[in-house]
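# Structural overview
Single-letter residue listing:
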Amino acid sequence: MTISLQLNAVSGESSTRRALSDISLAVAKSKKIVVVTGAGISCSCGIPDFRSSDGLYSLVKERYPDIVLKGRDLFDASLFRDSATTSVFYTFISQLKRSIDAATPAPTHQFIQTLDTKQKLVRSYTQNIDGLEERIGLRGSSSQQAKTSGKKKSKLKAKEVRNVQLHGNIHRVRCTFCSAEMPCTEEHLHAFENGKAPNCPECTSRSEARVARSARALKIGTLRPAIVLYDEPHPLGDDIGTIQTIDIARKPDMLIIMGTSLKVHGLKKLVKDFAKVVHATGTGTTPNGTPKVQKSWQGKVVFVNKTPPGSEWSDIIDYHVAGETDAWADKVLEDWKKMRPSDWEIQQTLDHIDESSGFKVVKDIATKTKGKGNSGLGFFQWNLNVENVPLDDPFSSQPASPSKKPVSVPSSPSKRRQSASHYSDVESSPRKRRDIAKIADGMDKLDMSDRCILFADATNVAKKGGGDDLVMGELRPPKAKVRRTSASVVSKECKPRPRNVAKPRAELWVEIRKRPNIS
């Protein structure tokens, strides 16, 4: 059952105020909102409604007094059956295009943009052809940035489309023969004002190219506004159906309908499909099998329009807010700010240095490298820089010392330079560095006179002048002769390990001489 609420009677009945506050709270708490709009949200922008008697139709009657057309007939596909009605259509569209160019977005458009900024808007669907949603940042389905490029037929990119234009865009024109689209220029508007359709430049260029090759000319199509009329298929109908299927799968929890009479068959089906999913929000069963309880603010379908909906919507629309869409949008935003002020807090960013504290922030990220230790487990080495650096003292006579450059992290063996050695003290493994440190400590404790004794040229035989004479005494080790080695044999960075060389022992020997003959 649809509940009707009078927006201008807020200060009167308490039940009405309470119900409108509940709707505002539902907007603030909902996370997935679908918005469907019609021509009623653009009337406050200065764009006349084609259904009204004092709208643009009165301007058309002044130029074509003999032709009688109703408001709906100006957007019917049957206009192209007769040349006179086609001229009326072009004249009407040119006047409408100029009115739209002078219009500005209304508070209702800003409300939809706020929902998108707060990441609550699933998508917006509109019957309007004015393109005012794109002026506030909602990319429409008629935009070239929302379509794929290539030789094949372009398709809509669902992630790029924020506003689905169900009836096209008046700011673009389309060829009736080759379906080429291009922006509507002043030249096109001037031709439309005279009741004529300009020729398609794409068809003209192809035909001229064939004639230059001595081939027959091609048919040249005419340009018309890229809008969808009644009883006319949408050129992007399949893509829009795909986008709707994606949005239904996201399970929206609220549906807002504004400024439309819900008379078009295609729109009626779209609203019913979304309302069915919204009403099912928060229902079902939990994994344990217990039924879920729907929250009070979940699953609401709200219809905002001056006129009430028909009887067929009694079980689909939950609330009908009778009034202007702009006034209702302003009230919702006002209530939202009072109920949930945290949603409107803006995070401040630091854009200057606080010199009173004497420190400035240096945004250096610590570099993390991974290696292997003795136990085989990975360990991390952090290249930590000073986060808070003192500011340079302008009154100091000594120049500030330059900051030390951080030691570069050892590269992997596959990326190491060819000239670098993996045996160096810096780029070797932790275990090897510890061994090298122990060797260096041991070398400092050794007697340097005994160093490299391995290469000494020693002998225990001493030659004398007599040859056969042996002298009894103590053998002393001769001086060691040190062999000079090149730098490539013994590296400065890698010192040789000390070796336990036995010192020569003192030996006693007996010299035997021949006795002289005594005669």
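Just so you know, these numbers come straight off a predicted model, no measurement behind them.

Helix and strand counts for the protein chain come out as eleven helices and 16 strands. Buried positions account for 34% of the 519 residues belonging to the protein chain. Residue pairs at least 24 apart in sequence account for 68% of intrachain contacts in the protein chain once pairs closer than 6 positions are excluded. For the protein chain, the exposed area adds up to about 34,600 Å²; of that, 52% sits on carbon and sulfur atoms.

Quick look at the confidence of the model for the protein chain now. When pLDDT is averaged along the protein chain, the result is 78, and 66% of the positions lie at 70 or above. Low pLDDT, under 50, characterises residues 362-389; the stretch is placed with 43 contacts to residues that sit more than four places away or in other chains. Under a pLDDT of 50 for its full length, residues 393-404 has, in the predicted model, one contact with residues more than four places off or in other chains.

Another aspect to go through is the sheet that holds strand S5 (residues 168-175). Here we have three strands laid out as an open sheet, ordered S6-S5-S7, and antiparallel in their pairing. Looking at which strands have only one partner, the edges of the open sheet turn out to be strand S6 (181-183) and strand S7 (223-227). This sheet shows a mean twist of 45° between the axes of neighbouring strands, independent of strand direction. Looking at chain direction, S5 and S6 are connected through three bridges and run antiparallel. Following the sheet pairing, Arg172 is matched in S6 by Pro183.

Further remarks concern helix H8 (residues 237-249). Across its 13 residues, H8 extends 19 Å between first and last C-alpha, which sits within 8% of the 18 Å expected from 1.5 Å per residue. Within the sequence span of H8, burial applies to Asp239, Ile240, Ile243, Gln244 and Asp247. The buried residues of H8 all sit within an arc of 140° when viewed along its axis, so they share a single face. Opposite the buried face of H8, at more than 90 degrees from it, the exposed residues are Asp238, Thr245 and Ala249. For H8, the elements touching its buried residues are strand S3 (121-126), strand S4 (163-165) and helix H9 (265-279).

Turning our attention to the packing of helix H3 (residues 83-101) against helix H6 (residues 186-193). Where H3 meets H6, the closest approach of the two axes is 7 Å, and the angle between their N-to-C directions is 135°. Here H3 is positioned oblique relative to H6, judged by the angle of their axes. The two elements H3 and H6 cross, and the hand of that crossing is left-handed. Packed against H3, whose contacting residues are Tyr90, Thr91, Ser94, Lys97 and Arg98, the element H6 presents Glu186, Leu189, Phe192 and Glu193 at the interface.

Before going further, it helps to examine the nonpolar core. By size, the foremost hydrophobic cluster in this structure holds 32 residues, and its most contacted members are Phe75, Phe89, Ile93, Leu96, Ile170 and Ile227. For this core, the secondary-structure elements that each account for two or more residues are H3, S5, H6 and S7. Ranked by size, the runner-up nonpolar core spans 30 residues in total, among them Leu7, Ala26, Val35 and Met258.

As a further point, take the pattern of salt bridges. Under the criterion given, the structure shown has 16 salt bridges. Its salt-bridge partner being Asp273, residue Lys269 comes within 3.2 Å of it at the nearest N-O pair. In this pair, Lys269 and Asp273 are both assigned in helix H9, four residues apart and thus about one turn of the helix distant. The residue Lys306 makes a salt bridge to Glu324 at a minimum N-O spacing of 2.8 Å. One end of the pair, Lys306, is in the loop between strand S9 (300-305) and strand S10 (319-322); the other, Glu324, is in the loop between S10 and helix H10 (325-339), with 18 residues separating them in the sequence. Assessed through its relative accessible area of 58%, Lys306 is described here as exposed. A relative accessible area of 40% means that Glu324 is categorised as partly exposed. One salt-bridge network, in which partners are shared between bridges, spans Arg98, Glu186 and Glu193.

The next thing to look at is the sheet that holds S3. The seven strands lie next to each other as S1-S10-S9-S8-S2-S3-S4, forming an open sheet whose pairing is parallel. Looking along the sheet, the strands with just one partner apiece sit at the ends: strand S1 (3-6) and S4. Across this sheet, the average inter-strand angle for adjacent strands is 15°, counted without regard to direction. Note: strand S8 (residues 254-258) against S9, five bridges, orientation parallel. When the bridges of S9 are listed, Ile256 appears paired with Val302. Against the sheet, helix H1 (residues 14-29) touches S1, strand S2 (33-37), S8, S9 and S10, its axis set at about 105° to S1. Running at roughly 145° to S3, H8 makes contact with S3 and S4 of the sheet.

Parameters at a glance
Residues numbered from 1 in each chain as written. Predicted model: local features only at pLDDT ≥ 70, side-chain atom pairs only at ≥ 80, totals over all residues. Heavy atoms only, no water. Helix = DSSP H or I, 4+ residues; strand = E, 2+ residues; numbered from the N terminus. Buried < 20%, exposed > 50% of the residue type's maximum accessible area, 1.4 Å probe, protein only. Contact = heavy atoms within 4.5 Å. Areas by Shrake-Rupley, 256 points an atom, 1.4 Å probe, with all protein chains shown as cover. pLDDT = per-residue confidence, 0-100. Pairing = 2+ DSSP bridges. Axes fitted to C-alpha atoms, helices over the stretch in contact; angles between N-to-C directions. Expected span 1.5 Å × (residues − 1). Arc of directions from axis to C-beta. Parallel < 35°, antiparallel > 145°, perpendicular 65-115°, else oblique. Left-handed = near helix turned anticlockwise from the far one by under 90°. Core = buried A, V, L, I, M, F, W, Y, C linked by side-chain atoms within 4.5 Å. Salt bridge = Lys/Arg side-chain N within 4 Å of Asp/Glu carboxyl O.

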